[in-house]
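What the coordinates show
This is what each chain is made of:
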Amino acid sequence: MERTVAKWETGKRLRKLREALGYTQEEMAELLEVSLTLYKKMENGNYNISIRTMRRLKKVTGASIDHLMFGERKSFDDIWRLMQNSDNIVKMKLLLRLIRQMSRVNAKKI
């Protein structure tokens, strides 16, 4: 039972990551070099994410594997280090995500 809940939670975090980056399931499957069917199973918590896929996920999105697997959050310093060590596409996606979040916060204040 506990294993099933862990897979479901991991899948939920994977879905949130995909949505935050603005990808469809099809696009994410392509980025991770897995079939759409397999990706959907991972996102639904019906299939464990392989180490190869986790490495690919980290490489193409800059995602924290600790957060994906265990729900642990990174500190600001960790995020800053991640951005500095990422390629320009990942940096732009992270910056756009930050700008969107800041816009929502500012809109609520008005």
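Scroll up for the structure.
For the structure given in this document, a descriptive report is provided here. These numbers come from a predicted model, not from an experiment.

Rules behind the numbers
Residues numbered from 1 in each chain as written. Predicted model: local features only at pLDDT ≥ 70, side-chain atom pairs only at ≥ 80, totals over all residues. Heavy atoms only, no water. Salt bridge = Lys/Arg side-chain N within 4 Å of Asp/Glu carboxyl O. Helix = DSSP H or I, 4+ residues; strand = E, 2+ residues; numbered from the N terminus. Buried < 20%, exposed > 50% of the residue type's maximum accessible area, 1.4 Å probe, protein only. Arc of directions from axis to C-beta. Contact = heavy atoms within 4.5 Å.

**Some thoughts on the pattern of salt bridges**
Overall, the coordinates contain 6 salt bridges when judged by the stated rule. Here Lys12 makes a salt bridge to Glu9, at a shortest N to O gap of 3.8 Å. With a gap of 3 residues between them, Lys12 and Glu9 both fall in helix α1 (residues 2–21), about one helical turn apart. Salt bridges here are not isolated pairs; linked through shared partners, they connect Glu9, Lys12 and Arg13.

**What to know about helix α3 (residues 36–43)**
The complete set of buried residues in α3 reads Tyr39, Met42 and Glu43. Seen along its axis, α3 keeps its buried residues to an arc of 95°; they face one direction. Following α3 by one or two positions, Gly45 adopts a phi angle in the positive range, close to 80°.

**Re the side chain of Arg13**
Turning to its location among the elements, Arg13 is positioned in helix α1. Exposure remark for Arg13: the relative accessible area of 14% places this residue in the buried category. Apart from residues lying up to four places away in sequence, Arg13 is in contact with His67, Leu68, Met69, Phe70 and Gly71.

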